[in-house]
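# Examination of the molecular architecture
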Amino acid sequence: MDHPQTPRILAPHLSNFQHRIVRMLGKVVQLRGETAVIDAGGQVDVILSRDSHLTVGHAVEIIGKVDGNLAVKVQAATDFGTNIDFNAANAVVEATHRYKDIFYDEN
């Protein structure tokens, strides 16, 4: 594929995507200065950028790079508010991994 790829992942997928740019949807559970914790099928540490404006209890979509410690360094963050069906969103993620050849390259 010759366009930028941001595979959708959940916390259990982090180890398979080290040093890659990914997309995650999760609920903000904690803010700690320049970091946050989101629940995306498990807890994920997020390293915030200056432009990140997260709210505890809100859904957020993170695009960022997974580091060697399985934290995600934010490149972009979008607040999705509080009315999100996480079960449906997680089902989409699982479908993208079941049919990964359609959605992303495995490198």
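It should be noted that the structure appears before, not after, this text.
This one's a predicted model, so the numbers in the text were calculated from it and none came from an experiment. The numbers attached to residues start from 1 for each chain and follow its sequence in the written order. Per-residue local features are limited, in this predicted model, to residues with pLDDT of at least 70; the limit for side-chain atom pairs, both in listing and counting, is 80 or more; totals at the level of whole chains, interfaces and linings are taken over all residues. The side-chain quantities take in all heavy atoms of the structure and omit both hydrogens and water.

### Examining a nonpolar patch on the surface
Like charges are joined within 9 Å and nonpolar side chains (Val, Leu, Ile, Met, Phe, Trp, Tyr) within 5 Å, but only among residues with over 30% relative accessible area and no salt bridge; these make up the patches. Each accessible area is a Shrake-Rupley estimate made with a 1.4 Å probe; only the visible protein chains count as cover when residues are assessed. The rule for a salt bridge is simple: a side-chain nitrogen of Lys or Arg has to be within 4 Å of a carboxyl oxygen of Asp or Glu. Taken together, the side chains of Y99, I102 and F103 present a nonpolar region at the surface, about 330 Å² in accessible area. What counts as a helix is a DSSP run of H or I of at least four residues, what counts as a strand is a run of E of at least two, and both are numbered from the N terminus. Mapped onto the secondary structure, F103 falls in helix α2 (residues 100-103).

### Observations regarding helix α1 (residues 86-98)
Residues that lie three or four places apart on an α-helix share one face, since the helix turns once every 3.6 residues. Multiplying 1.5 Å by the residue count of a helix minus one yields the expected span of that helix. Over its 13 residues, α1 runs 18 Å from end to end, which matches the ideal 18 Å to within 8%, given 1.5 Å per residue. Of the residues making up α1, those classed as buried are A89, V93, T96 and H97. Looking down the long axis of α1, one finds its buried residues gathered within 100° of arc, a one-sided arrangement. In α1, the exposed positions that point more than 90 degrees away from the buried face belong to N87 and R98. Type-normalised accessible area, obtained with a 1.4 Å probe on protein chains alone, sets the label of each residue: buried when under 20%, exposed when over 50%, and partly exposed for intermediate values. Regarding the arc, it is the one traced by the directions from the helix axis to the C-beta atoms.

### Structural notes on the pattern of salt bridges
Under the criterion given, the structure shown has three salt bridges. In this structure, E61 engages R8 in a salt bridge whose closest nitrogen and oxygen atoms are separated by 3.0 Å. Here the residue E61 occupies a position in strand β4 (residues 59-66), and R8 occupies one in the segment before β1 (21-32), the gap between them amounting to 53 residues. With a relative accessible area of 33%, R8 lands in the partly exposed category. Bridged by salt links that share partners, the residues R8, R23 and E61 form one connected network.

### Some thoughts on the nonpolar core
Side-chain atoms within 4.5 Å are what join buried Ala, Val, Leu, Ile, Met, Phe, Trp, Tyr and Cys residues into a set we call a nonpolar core. Formed by 20 residues in total, the largest nonpolar core has its most connected members in M24, I38, V44 and V46. Of all the secondary-structure elements, those providing two or more residues to this core are β1, β2 (35-39), β3 (43-47), β4 and β5 (72-81). Contacts between residues were defined by any pair of non-hydrogen atoms, one from each residue, lying within 4.5 Å. Those residues in contact with V46, other than ones at most four positions away along the chain, are E34, T35, A36, I38, I62, V72 and V74.

### Concerning the side chain of E61
You can call E61 buried: its relative accessible area is 10%. In protein, a polar contact means a hydrogen-donor-capable atom and an acceptor-capable atom, both N or O and within 3.5 Å, with residues adjacent in sequence counting only if both atoms are side-chain atoms; elsewhere, any N or O pair within 3.5 Å suffices. Within the structure, E61 has its side chain in polar contact with the side chain of R23 (distance 3.3 Å). E61 has contacts with R8, R23, M24, L25, A76, A77, T78 and F80, leaving out every residue within four places of it along the chain.

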